Amino acid sequence: MNVQWYPGHMTKAKRQMQEDIKLIDLIIELVDARVPLSSRNPDIDELGKNKARLILLNKADLADERQNEAWKNFFQAKGFFVVKVDSRSGAGMKAIQAAISEACKEKTERDRKRGIKNRPIRAMVVGIPNVGKSTFINTFAGKACAKTGNRPGVTKGKQWIKLNKSVELLDTPGILWPKFEDQEVGMRLAYVGSIKDDILNMEELSLNLIDFLRQYYPGVLERRYQISEEGKPVEVLEAIARARGCLKKGEELDYAKASGILFDDFRSGKIGRITLEWVKE
């Protein structure tokens, strides 16, 4: 299954970010804690070299906690500041201000030596589509500053948001990169909803997800749907369709509807806390 999605506005957004990078002190990069590597745009490292870096493992509440810790250690070992957050509930938000101050300590010190006091830290918020940037900004700011939506592509242009006297944020649209070299990356992004569902074959995708869940989280589908996980992935999808009454006219099973239920349950955490990408030991 070949997954690619790079609409035209993303090229423009990337050019704009290259312009704006000169104005900022810190890059706050949101990644999806369920797919921490796949949800990192490789262009950001190139764009942000010589800038202070903070990674937020967002949607940490939906991911496997052991893996959250492992990924936090992984990124810290590479020199990033890292905070686990859940932007919707606000969990982890209190730790962000301290992390920003710590990440920009050298800059603040340089300013102080030059006699510049109280100049706010200017941070650019980056991340791929649907990783939760706007929700994070609104929760962090304590008010609705950015448009949100649980689909990719809601933020179209840039906007500056003054959080407090010490921090200003630049919100940017979610951008992917032109080509996924590894198709597994595209698949994982499709699982978590960072690629528009309507360009995907959701039934085929659901069979791959079933395969992954049975291998790494045995029993979660059994518990959620009261079904057997034995057999081929298509038989498990059939069992989910029966358990949830997904029928077309004449008792025919509705695979599309069953796939939709599986993805809704996975993305909302109803199946359990699942991480699709594990730190290699």
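Residues numbered from 1 in each chain as written. Predicted model: local features only at pLDDT ≥ 70, side-chain atom pairs only at ≥ 80, totals over all residues. Heavy atoms only, no water.

**Q** An account of the pairing of strand β6 (residues 167-171) is needed here, citing residue identities and associated values.
**A** Extensive coverage of β6 is indicated by the burial of five of its five residues. Along β6, one buried face is formed by V167, L169 and D171 and the opposite face, lined by E168 and L170, is buried too. With five bridges connecting them, strand β4 (residues 121-126) and β6 associate as parallel partners. Looking across to β6, one finds that I121 is bridged to V167. As paired elements, strand β5 (residues 159-162) and β6 share four bridges and run antiparallel to each other. Across the sheet, residue K162 finds its bridge partner in β6, namely E168. Taking the residues that link successive antiparallel strands as the turn, the β5-β6 hairpin has four residues. (Buried < 20%, exposed > 50% of the residue type's maximum accessible area, 1.4 Å probe, protein only. Helix = DSSP H or I, 4+ residues; strand = E, 2+ residues; numbered from the N terminus. Pairing = 2+ DSSP bridges.)

**Q** Describe the packing of aromatic side chains, with residues and values.
**A** Across all of its chains, the model carries ten aromatic pairs by this definition. A centroid spacing of 5.4 Å and a plane angle of 20° characterise the contact between F136 and F140, whose relative ring orientation is stacked. One end of the pair is F136 and the other is F140, both in helix α6 (residues 133-141) and four residues apart, which spans about a single turn. The exposure classification of F136 matches that of F140, with both residues buried. (Phe/Tyr/Trp six-rings, centres within 6.5 Å; stacked < 30°, edge-to-face > 60°.)

**Q** Could you give an account of the pattern of salt bridges, with specific residues and numbers?
**A** Opposite charge on two side chains makes pairing possible when the charged atoms of those side chains draw close. In this structure the tally under the stated criterion is 24 salt bridges. Here E65 makes a salt bridge to R273, at a shortest N to O gap of 3.2 Å. Remark: R273 occurs in the segment after α11 (255-267) and E65 occurs in helix α3 (residues 65-77); sequence separation between them is 208 residues. Two residues, R188 and E277, come together in a salt bridge whose shortest N-O distance is 3.1 Å. Note that R188 is positioned in helix α7 (residues 183-192) and E277 in the segment after α11, a separation of 89 residues in sequence. Here the two residues R188 and E277 agree in accessibility, since each one is buried. (Salt bridge = Lys/Arg side-chain N within 4 Å of Asp/Glu carboxyl O.)

**Q** Mind laying out α7, listing which residues take part and the relevant values?
**A** Taking burial as the measure, the ten residues of α7 include eight buried ones, the bulk of the element. Of the positions making up α7, those classed as buried are V185, G186, M187, R188, L189, A190, Y191 and V192. Of the residues one or two after α7, G193 is the one with positive phi, at around 90°.

**Q** Lay out helix α4 (residues 94-103) in plain terms, naming residues and giving numbers.
**A** Here α4 has its buried residues at I96, A99, I100 and A103. Along the axis of α4, the buried positions cluster into a sector of 105°, meaning they face one direction only. Of the exposed residues in α4, those oriented more than 90 degrees away from the buried face are K94 and A98. (Arc of directions from axis to C-beta.)

**Q** I'd like a description of the sheet that holds strand β2 (residues 52-58), backed by residues and values.
**A** Strand order across the open sheet formed by six strands is β3-β2-β1-β4-β6-β5, with mixed pairing between neighbours. The outermost strands of the open sheet, each flanked by one partner alone, are β3 (81-84) and β5. Averaged over all pairs of adjacent strands, the angle between their axes in this sheet comes to 25°, without regard to strand direction. Two strands pair when backbone bridges link them, and strand β1 (residues 26-32) and β2 are joined in this way by seven bridges, in the parallel orientation. Directly across from V31, in β2, lies its bridge partner L57. On the sheet, α4 packs against β1, β2, β3, β4 and β6 and is oriented at approximately 175° with respect to β3. (Axes fitted to C-alpha atoms, helices over the stretch in contact; angles between N-to-C directions. Contact = heavy atoms within 4.5 Å.)

**Q** I'd love a proper account of the packing of α7 against α11, names of residues and values included.
**A** Two quantities define a packed helix pair, namely the angle between the axes and the distance from one axis to the other. The contact between α7 and α11 brings their axes to 9 Å, and the two run at 85°. Between α7 and α11, the angle falls in the class roughly perpendicular. Only F263, F266 and R267 of α11 make contact with α7, whose side of the interface consists of A190, Y191 and V192. Its residues assigned to classes, the contact of α7 with α11 shows five nonpolar, no polar and one charged. (Parallel < 35°, antiparallel > 145°, perpendicular 65-115°, else oblique. Nonpolar A, V, L, I, M, F, W, Y, C, P; charged D, E, K, R; others polar.)

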